[in-house]
Amino acid sequence: MWDHQRPSHRMATCNLLFLLLFTCQRVKAEFSIDDLSLTFDPGADVGRDTNVTVTCHATVSRSQGFTPQYEFSIEKDNKVVNRTTSTSDTFDYPIKAARVSDSGGYQCRLSIQGKKKSSKKETLTITGTQTPQISVDSSSIMEGDEVTATCRAPGERGAFTYYFYVGDQEAAIRESNIEESSVKLQLSNSGRNNLTCQYFVSLLGKHMPSSVSTPKYVFVKEIAISVSLAISPSMEIIEADNFSASCVVNSSPRSETVSLIMGKNILSQGRGRVDYSAVAKANDSGEYMCKVEVNGVAKTDKKMLMVKELFSKPRLIFNPEQAFEGEFVRLSCESTNLERIKKEDIKYSIYKNNYLQPMGNINGQMVIQAGPSGNDNYHCMAEAKSISKKSDVIIFRSKVLASKPDIFVKQKVILGEKFDIYCKSNGTLPITYTLYQGGKKLQNTTIYDSWAEARFNTSIKQKEHIGTFRCRAQNDGSKNYSDSLPLSAVVVEHLGKPLLTTLPVPHNVEEGQELTLICNVPSGTPPITFKWFSSGSKTVLHTKTVNANSSHHVIPQMEKTDSGEYYCHALNAANAVDSDRVIIQVGVNVGPSVWTERPSSSDSSDRSSVHSHNDPDVEYTEVVHPQPVDPARVPLKKGTDTVYSELQTAPLDPSEHVDNGAVEYAELNHDLPEPVD
């Protein structure tokens with residue numbers, strides 16, 4: 001096809017297509033929704049029956065030659081009420097003869113090729129409602145018949161709630177979405193009854209009321225029937241009197257059902273007439289009513305009967321009201337307010353757990369002994385002229401005497417320091433506890449809770465005084481009491497100052513020797529924990545707990561570095577004390593020889609003991625040879641073997657032909673027997 005066209009025609013066609021494509025692309029892309037508004041005409045607040053126009057207007061910027069498609073929608077209270085699509089930038093929604101139900105919040109929405117915009121929400125208020133109209137299907141009915149009433153709200157729209165009234169009383173409520181509602185009413189009042197109605201329109205949870213309708217009158221004709229009640233012998237009688245009541249229907253024929261009612265109880269029922277008779281009791285007092293129903297209408301006659309008590313409800317009395325186990329209690333039954341009888345005319349009886357008590361029960365008088373066998377439920381009966389009455393039930397429980405109290409302590413008793421003594425007894429509360437020492441009353445306290453213990457704070461100065469305490473428990477209101485056993489408890493005495501002794505004695509300790517440290521306290525109660533310390537050690541040398549007043553610790557081999565201060569520490573439940581420090585200087589071990597020869601520089605083998613009266617150089621060394629000792633023997637045994645060594649160094653004089661050596665002289669001291677007198 002193109003092959004047969006001239007080149008100029010083909011060129012023109014291409015240019016036209018290109019221009020159209022370019023123009024379409026420009027027009028499609030260039031528009032903007034600038035504004036969207038919603039207005040009411042003639043206004044936002046108007047009266048009922050006004051014609052209102054809701055207008056949506058859009059302001060759109062667009063390229064020349066572009067005609068947009070406007071998609072409008074109008075919402076009332078978030079629900080769409082109208083929509084349209086057009087090329088006009090304005091959309092009108094008319095509301096003819098506006099009603100209260102048209103009130104609400106309105107909003108306009110616009111969409112153009114996917115672009116959307118919403119107006120501000122505006123409120124339209126319509127004031128005024130139509131006065132309702134009420135109608136009835138009959139203006140005259142018989143008593144008990146129903147009448148149909150209809151309430152109308154002409155021209156109104158919305159959700160309605162209708163109220164129907166008979167006189168000033170609300171008779172029925174109905175809900176409807178249309179402008180009328182009907183209800184059937186039964187009118188109970190004979191004569192003229194006025195009926196009215198009113199409606200409410202629902203708007204977003206609010207109810208807009210209408211005015212009340214003009215009344216309609218319905219005349220109710222009374223049914224020609226009645227009923228009468230007769231009570232004999234009178235309206236006021238006394239218990240044990242015979243009385244009767246009768247109900248009679250006043251109609252012909254007497255075919256209706258009549259009932260005699262007292263309270264909620266139907267005493268008798270029948271057609272035309274009913275009769276009732278009984279022996280009067282106090283609970284027969286009250287309102288009596290005869291009732292007959294015809295066509296759903298009730299006819300009644302009421303009378304009040306008063307029955308006086310022949311005697312009052314009996315009362316069971318306990319004297320005393322409360323008693324401890326072993327005590328005697330008198331029970332008596334009595335009534336008051338007697339009418340036409342004497343006290344002797346009443347027969348009394350006492351019951352225990354609903355069983356008549358035959359033994360000791362003399363016309364409502366008996367004696368029981370408080371205790372487990374007497375604990376039970378009691379009541380009594382009074383009877384005269386075929387009238388019997390029961391007292392209230394009394395629950396009797398004997399009071400329990402305080403048991404022998406326990407006396408005890410919960411912590412260590414330390415001599416000279418305050419401590420607590422506790423007492424606990426079982427029995428009826430409250431219980432008063434008294435603490436005695438010897439025969440002297442010290443303190444007392446009253447306990448009101450079963451779980452609580454009496455507590456007394458005191459102290460003692462001598463250990464044997466612990467056994468002089470006892471406590472007494474006594475119930476409130478009782479002369480009886482119970483005493484505890486004497487208090488038994490361990491008394492802890494304070495420790496005296498410890499004494500630290502050593503084997504061997506402190507100044508006779510040599511390297512390599514065994515050292516025994518003995519710690520002894522003069523007084524104090526075991527168990528006692530002993531600890532030994534040295535100034536050269538940062539930790540405890542030894543710890544030992546014993547049931548004795550002394551203990552020891554053995555250091556198997558002393559060294560020069562063990563020199564220093566030693567002390568012991570004693571601890572019991574009462575206190576802790578330290579001994580004085582003992583200084584131990586570990587000396588050099590000079591060996592076991594008594595004579596020690598020091599060779600001279602000469603080759604001569606002659607050795608002699610040289611004792612010059614000149615001033616030779618002499619050294620004395622104390623050497624301790626410990627004997628086997630029992631560490632438990634305190635204080636230490638006197639007469640420890642001691643060796644004194646005298647070292648004499650002879651002067652070195654070549655002219656005296658003496659060997660150049662040294663002579664050591666030792667003086668040995670042993671235990672000597674005790675002198676004999």
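Scroll up a little and you will see the structure.
In this report, the structure presented in the accompanying data block is examined. (Residues numbered from 1 in each chain as written. Predicted model: local features only at pLDDT ≥ 70, side-chain atom pairs only at ≥ 80, totals over all residues. Heavy atoms only, no water.)

Thoughts on the sheet that holds strand β1 (residues 31-41)
The strand order across the open sheet built from 3 strands is β1-β3-β6, with neighbouring strands paired in antiparallel fashion. The open sheet has two edge strands, β1 and β6 (90-95), and neither has a second partner. Within this sheet the neighbouring strands show an average axis-to-axis angle of 10°, counted without direction. (Pairing = 2+ DSSP bridges. Helix = DSSP H or I, 4+ residues; strand = E, 2+ residues; numbered from the N terminus. Axes fitted to C-alpha atoms, helices over the stretch in contact; angles between N-to-C directions.)

Quick word on the environment of Ala 171
Within the secondary structure, Ala 171 sits in strand β14 (residues 169-176). C-alpha separation for the pair Ala 171 and Leu 195, spaced 24 residues apart in sequence, amounts to 9.3 Å. Once residues within four sequence positions are removed from consideration, Ala 171 is found in contact with Phe 164, Tyr 165, Val 166 and Leu 185. (Contact = heavy atoms within 4.5 Å.)

Details of the side chain of Thr 525
Its place among the elements puts Thr 525 in the loop between β45 (515-520) and β46 (528-534). Engagement of the side chain of Thr 525 in a polar contact is seen with the backbone nitrogen of Glu 493, the distance being 2.7 Å. Excluding its chain neighbours within four sequence positions, the residues that come into contact with Thr 525 are Lys 463, Val 491, Val 492, Glu 493, Leu 495 and Asn 572. (Polar contact = N/O pair within 3.5 Å; in protein donor to acceptor, adjacent residues only side chain to side chain.)

Some points on the pairing of strand β41 (residues 469-475)
Counting buried positions along β41 yields 5 of 7 residues, so the element is predominantly enclosed. Here β41 runs beside strand β42 (residues 482-483); their pairing, made up of 2 bridges, is antiparallel. Within the sheet, the bridge partner assigned to Ala 473 lies in β42 and is Ser 482. Hairpin connection between β41 and β42: a loop of 6 residues separates the two successive antiparallel strands, and Gly 477 in this loop has a positive phi of roughly 85°. (Buried < 20%, exposed > 50% of the residue type's maximum accessible area, 1.4 Å probe, protein only.)

Describing the state of the cysteines
Applying the stated criterion to the full structure yields 6 disulfides. Note that Cys 56 is cross-linked by a disulfide to Cys 108, the S-S spacing being 2.2 Å. The sign of the 135° torsion about the S-S bond sets the Cys 56-Cys 108 disulfide as right-handed. Residue Cys 56 is found in strand β3 (residues 52-62), and its partner Cys 108 is found in strand β7 (residues 104-112); the two are separated by 52 residues along the sequence. For the residue pair Cys 56 and Cys 108, the accessibility class agrees, reading buried in each case. Residue pairing for Cys 247: its cysteine sulfur links by disulfide to Cys 290, the two sulfurs lying 1.6 Å apart. On the S-S bond that ties Cys 247 to Cys 290, the torsion sits near -80°, and the link is left-handed. Residue Cys 247 is found in strand β21 (residues 242-250), and its partner Cys 290 is found in strand β25 (residues 286-294); the two are separated by 43 residues along the sequence. Judged by its relative accessible area of 0%, Cys 247 is buried. Residue classification places Cys 290 among the buried positions, given a relative accessible area of 0%. (Disulfide = S-S within 2.5 Å.)

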